[in-house]
Structure formats: structure tokens, C-alpha cells
Amino acid sequence: MPSLLSRPRYFLPGLVALCLSVFLSACGDFTATPVPVGQPATTAVTPVTVAPAPPPTATVTPLRALSVLSAQELTSLPAPSSNSYLSPAGNAIAWVRQRDICIYTPEGQKQSCASIPSLIDFNSVRWASTGRYLVFTENFYQTFNDPDIWLLEAATGKLTDLTDDHFNGRYTIGEPNPNSYLDLAPNWFDDGQQIIFLRYPGANDAIGPDIYTISVNGGAPVKTGELPSGVGRFAVTVITPSHDGKQLLYNVSTTDHREAINGLWLADLDGQHSRQIYKSGYPADTASNIPVVVDTAFDRSGLYYALLNQPGYSNSSSNWKESNSLLFNINEQPITPLDPQHGAQWLTWNPSGFLAYLVRPSGETGQAQAGLYLLDRPGGQSRLVYPGEFVAPFYQAQWRGLTWSAASTILLLNPKSNRYILVKLGVK
């Protein structure tokens with residue numbers, strides 16, 4: 001089995017035209033659950049009211065008291081060529097490979113499975129805060145298959161196409177658009193009942209997307225605004241609503257990654273008052289060395305998060321000495337570096353605000369020991385709690401970070417043994 005880190009990463013959205021030759025095949029024997037049909041969209045701009053999620057009730061344990069209580073190898077989860085997503089509560093794992101998505105217990109017992117007609121976009125899979133649902137789309141960026149917003153009820157395996165436009169074919173650049181929409185980049189509001197996503201009018205229009213919301217109960221999606229994303233086709237690939245539902249973090253990644261517009265942006269929920277927080281593509285010497293923002297998040301203390309795709313990562317790459325995770329404070333000033341001593345990869349945080357990330361071996365003399373590190377605050381003193389050469393638990397979802405669940409568990413992948421490992425943190 002080839003090493004995970006020797007596999008090519010997904011191309012960025014600006015390069016989707018190069019990805020038309022992807023071969024699609026089913027990999028499982030799962031029976032798809034019948035798919036209800038969604039509703040056509042309304043066009044009225046309606047504000048979204050989001051009830052804030054309840055604050056964490058657990059007692060805060062000092063970071064220095066945390067250690068690894070257990071590290072369970074999940075032998076029943078097929079690791080090769082799959083992607084696994086730990087739920088926010090830590091009570092379930094979504095396992096995704098090609099067209100199939102299954103729900104497992106943390107102990108690795110299969111609970112439910114479902115399939116969609118074409119390849120799942122592994123970077124789009126997201127749990128609701130309640131842990132009841134997941135949302136995702138088809139893999140438009142590599143296959144050009146028409147993407148819809150899909151909802152999976154974890155407990156039952158019930159699968160619903162929330163934005164079915166009755167077109168399941170492929171788009172072709174330069175040909176007239178079918179009577180359909182490109183629904184992409186789904187994410188959740190804190191109540192776990194409303195979904196926000198982007199809608200592009202077609203594959204031939206180099207314009208910014210519209211912002212839509214839809215309920216888990218279905219019905220017509222509602223347009224809330226639009227995002228200015230420059231002239232690049234499909235330049236916005238991820239959006240994240242703030243906890244109060246009033247703002248959005250989003251990325252811009254145009255075809256030319258040296259463009260000054262590329263990076264991390266903050267806007268109101270309707271797309272107004274947008275401002276750039278971080279420039280990922282300017283200035284730079286060569287396009288091959290430019291990091292690109294591929295995921296975003298808010299924590300509860302006013303910090304913004306950007307996950308960067310650093311081109312050129314491989315098993316022997318020295319790029320691992322550079323962090324692929326950045327934090328920005330409420331005043332939009334970058335906290336640099338996140339960890340003065342290590343390159344922080346695939347950052348996550350727990351409800352108490354503590355940080356966790358991986359350090360990968362860079363091949364340089366004197367480099368810190370690889371493994372899972374904890375950090376009490378940006379720029380603080382880090383601590384190695386679980387040594388080893390681990391990566392985030394994904395083979396294809398290279399645009400996603402770790403999850404530190406409310407059960408104080410973190411899911412990792414050992415790329416050498418091809419095994420998922422569930423790490424439990426606590427006080428001994």
C-alpha cells in the first residue's frame with residue numbers, strides 16, 4: 001500500500017478543468033436509502049435567526065493535567081483510501097469512501113450506511129453540532145458532476161437530497177449550462193437545524209456565488225446574499241458562519257494563486273462589508289510555493305482560523321517545518337507563529353479553548369519529536385502528549401483539520417500502518 005503522504009493532493013478549485021478524467025467506481029455493497037426530492041429555491045433575501053448553542057457545561061481541566069488515557073486502534077474501520085470524521089460529541093465516526101458513507105461507534109461498530117449516485121466531495125462532509133446529521137455534496141471539483149446538498153441522519157442512515165434540481169449529469173466548460181445549479185460548500189449554523197451553502201449559477205460563469213440557507217426539514221432554500229470573489233471561477237470553496245449567525249469566514253482561491261485577492265475574508269451573513277483578513281497569494285516569488293486557504297473556523301473567544309494547503313507536501317518534504325494552521329484575533333491581527341517551536345499541522349481546539357495539533361517530521365537536524373501536541377494558548381508553551389508520525393484521519397479530504405470532541409477524544413491516522421487511532425485525553 002503506498003504511503004498516504006506520497007499520494008497527490010486534491011487539486012485546488014482553480015485547477016478543476018484538469019480533473020475531468022477521474023474514473024468513478026463504487027466500492028461498497030451498501031444499499032442506498034431512498035432519496036426524497038427537494039424543493040426549488042426562492043429568491044427573496046431573508047435574514048437568518050440562529051439560536052446560539054448552549055455553552056459547554058463541563059468543568060475546565062488545566063491543560064497541564066491532561067494526558068493520554070488510551071489510544072485505541074480501530075481495526076474494524078477500513079483505513080485504506082477512506083476518510084473518517086469524528087462527531088462533535090465524540091460518540092460517532094462518519095466513514096466515507098467514494099460514493100459510500102457509514103456511521104460507526106467510537107469502538108468501530110458499524111451502525112448505518114448509505115450511498116449517493118456519484119463520488120462524494122470528501123472535503124465537504126460536516127457534522128452538525130448536535131451530532132444528529134451530516135451534510136455534504138458531490139465531488140464537483142474533480143468530476144464536474146452536478147452537486148446538490150445532501151443530508152444524512154446518522155442514527156438511521158436516511159439520506160435526503162435537499163436541493164435536487166433533477167439534473168445528475170456532468171458539466172462541460174464552454175457548453176451551454178443545463179437548467180440546474182451548482183450547490184457547494186455546505187456548513188452548519190450552531191443550532192444544528194439550518195445549513196448554509198453557496199450556489200453558483202453554472203460552470204461557465206466566472207462570477208461570485210450566492211449565499212443560501214436551508215432547513216434540515218427541507219423546503220425551498222432561501223437566498224441571503226452573495227459573495228464578491230473576484231473574477232475567478234469557483235473561487236470560493238468554503239464558508240463558515242459565526243456562532244451568532246451574523247458573519248461569515250470564507251476563502252478566495254482564483255486560478256492565479258499569486259492574485260492579491262486570494263486568502264481569508266470576513267463578511268456579514270449577506271456578504272456585505274467584506275474585508276480581507278489574510279493574503280495567501282501576495283507577494284510570492286513563484287506560484288508553486290504559495291499556500292492557499294482551504295478551511296476556516298471560529299472559536300468562541302473571537303479567534304479566526306485558517307487551514308492552509310501548502311503545495312509540495314510529501315513524505316520527505318521539508319515543508320512540514322512550516323505551520324499549515326493560522327490564528328487571527330478579533331482585531332484581525334495574525335498570531336505568528338502559533339507555536340514558536342514547531343510547525344503546527346491540522347489545528348483544532350476543545351470547548352475550553354485549548355489547542356491541539358500534529359507535528360510531522362521535517363527531516364531536519366534538531367527538529368522536534370513528531371506527535372500530538374497540546375497548547376494552552378496561541379504562542380504559549382506546547383507539550384507533546386502522544387508521540388508518533390500521525391496525520392489527520394483522511395486520505396482524500398486534505399482540506400480538513402482535526403476534531404477535538406466534547407468527549408475529549410481526537411481521531412488520528414497512522415499512515416504507515418494504515419490504521420485509525422482514537423486518542424482519549426483526561427486526568428489520570
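Refer to the preceding data block for the structure.
A short tour of the structure in this document, coming up.

Cut-offs applied
- Each chain has its residues counted from 1, running along the sequence as written.
- For this predicted model, a pLDDT threshold of at least 70 governs which residues receive local features, and a threshold of 80 or more governs which side-chain atom pairs are given and counted, while totals over whole chains, interfaces and linings are taken from all residues.
- For the side-chain quantities, the full set of heavy atoms in the structure was used; hydrogens and water were omitted.
- Secondary structure elements follow DSSP: runs of H or I no shorter than four residues count as helices, runs of E no shorter than two count as strands, and numbering proceeds from the N terminus.
- With residues, only the protein chains shown are counted as cover, and all accessible areas are computed by Shrake-Rupley using a 1.4 Å probe.
- Only a pair of cysteine sulfur atoms within 2.5 Å qualifies as a disulfide here.
- Exposed residues in this analysis have more than 50% of their type's maximum accessible area, buried residues have under 20%, and partly exposed residues fall in between, with area computed by a 1.4 Å probe over protein chains only.
- Pairing between strands is defined by DSSP: at least two bridges between them are needed.
- Only one rule defines a salt bridge in this text: a Lys or Arg side-chain nitrogen within 4 Å of an Asp or Glu carboxyl oxygen.
- For helices, the axis comes from a line fit to the C-alpha atoms of the stretch in contact; other axes are also lines fit to C-alpha atoms, and the angle between any two N-to-C directions lies between 0 and 180 degrees.
- In this analysis a 1.4 Å probe is tested at points of a 1 Å grid over the protein atoms alone, and where it fits but cannot get out there is a cavity; an open set with protein on both sides within 12 Å along at least five of seven lines is a pocket; lining residues have an atom within 4 Å of a point.
- Grid points are joined across faces, edges and corners, and a volume is the space filled by probe spheres set on the points.
- Three residue categories are used. Nonpolar comprises Ala, Val, Leu, Ile, Met, Phe, Trp, Tyr, Cys and Pro, charged comprises Asp, Glu, Lys and Arg, and polar comprises the others, including Gly.
- Geometry of aromatic contacts follows a simple scheme: Phe, Tyr and Trp rings, the Trp one being its six-membered ring, pair when their centres are within 6.5 Å, and the pair is stacked under 30 degrees between planes, edge-to-face over 60, tilted otherwise.
- Counted as over-ring charges are cases with an Arg CZ or a Lys NZ within 6 Å of the ring centre that also lie within 35 degrees of the ring normal.

Below, the discussion takes up the overall build of the protein. Along the backbone of the protein there are 1 helix and 27 strands. Accessible area of the protein: about 17,300 Å², with a carbon and sulfur share of 51%.

Attention now goes to the state of the cysteines. Under the counting rule described, the total for this entry stands at 1 disulfide. Each sulfur of the disulfide joining Cys-102 and Cys-113 lies 2.0 Å from the other. Here the disulfide of Cys-102 and Cys-113 is right-handed, its torsion about the S-S bond being about 110°. Residue Cys-102 is located in strand β4 (residues 100-104), and its partner Cys-113 is located in strand β5 (residues 110-115); the two are separated by 11 residues in the primary sequence. Of the two residues, Cys-102 and Cys-113, neither departs from the other in class, the shared state being buried.

Most of strand β16 (residues 263-268) sits out of view: 5 of its 6 residues are buried. As judged from the 6 bridges shared by strand β15 (residues 247-252) and β16, these two strands associate in the antiparallel manner. For Val-252, the partnering residue across the bridge sits in β16 and is Gly-263. Pairing of β16 with strand β17 (residues 275-279), which is carried by 4 bridges, proceeds in the antiparallel orientation. Each bridged residue has a counterpart across the sheet, and for Trp-265 the counterpart in β17 is Gln-276. Between β16 and β17, which pair antiparallel in sequence order, lie 6 residues; one of them, Gly-271, sits at a positive phi of approximately 90°.

Here the structure, examined in full by the defined rule, presents 8 salt bridges. Between Arg-377 and Asp-376 there is a salt bridge whose closest N-O contact spans 2.8 Å. The network of salt bridges with shared partners includes Arg-126, Asp-295 and Arg-400.

Our next topic: the sheet that holds strand β1 (residues 67-74). What the 3 strands build is an open sheet, ordered β1-β27-β26; its pairing is antiparallel. The two strands at the open ends of the sheet, each matched to only one other strand, are β1 and β26 (409-414). The sheet shows a mean angle of 25° between the axes of neighbouring strands, direction not considered.

Further remarks concern unusual backbone geometry. One non-glycine residue with positive phi stands out, namely Ser-81, at about 60°. Here Ser-81 shows up in the loop between β1 and β2 (83-86). Positioned with a positive phi, Phe-144 is a non-glycine residue whose angle comes to about 65°. By secondary structure assignment, the location of Phe-144 is in the loop between α1 (140-143) and β8 (150-153).

Turning our eyes to something else, we now look at the sheet that holds β16. On the basis of which strands lie adjacent, the open sheet formed by 4 strands has the order β14-β15-β16-β17 and antiparallel pairing. The open sheet terminates on both sides in strands that have one partner only, identified here as β14 (239-241) and β17. The mean inter-strand angle of the sheet, taken between neighbouring strand axes irrespective of direction, is 20°.

The subject of this paragraph is the pairing of β5. The pairing of β4 with β5 spans 5 bridges and is antiparallel. For Tyr-104, the partnering residue across the bridge sits in β5 and is Lys-110. Between the antiparallel neighbours β4 and β5 lie 5 residues, among them Gly-108 with a positive phi of about 95°.

With that out of the way, let us pick up empty space enclosed by the protein. Applying the stated criterion across every chain yields a total of 4 cavities of 30 Å³ or more. Counted as a void, the largest cavity has a volume near 140 Å³. Residue lining of the largest cavity: 16 residues in total, with Asn-123, Ser-124, Ala-185, Thr-237 and Val-238 positioned closest to the centre. It is strand β10 (residues 182-188) that contributes the most residues to the lining of the largest cavity, 4 residues altogether. When its residues are assigned to classes, the lining of the largest cavity shows 8 nonpolar, 5 polar and 3 charged.

This part covers the packing of aromatic side chains. For the coordinates displayed, the defined rule picks out 15 aromatic pairs. Judged by centre distance (6.5 Å) and plane angle (45°), the rings of Tyr-141 and Trp-399 are tilted. One end of the pair, Tyr-141, is in helix α1; the other, Trp-399, is in the loop between β25 (382-387) and β26, with 258 residues separating them in the sequence. Overall, Tyr-141 belongs to the buried group, its relative accessible area being 6%. We classify Trp-399 as buried; its relative accessible area is 6%. Grouped by ring-pair contacts, the aromatic residues Phe-140, Tyr-141, Phe-144, Tyr-200, Phe-234 and Trp-399 constitute a single cluster. In this structure, Arg-199 packs its charged tip against the face of Tyr-181, placed 4.3 Å from the ring centre. The lysine or arginine in question, Arg-199, covers the ring of Tyr-212, its NZ or CZ lying 4.7 Å from the ring centre.

Take it as geometry only, folks, not as evidence of what the structure does.
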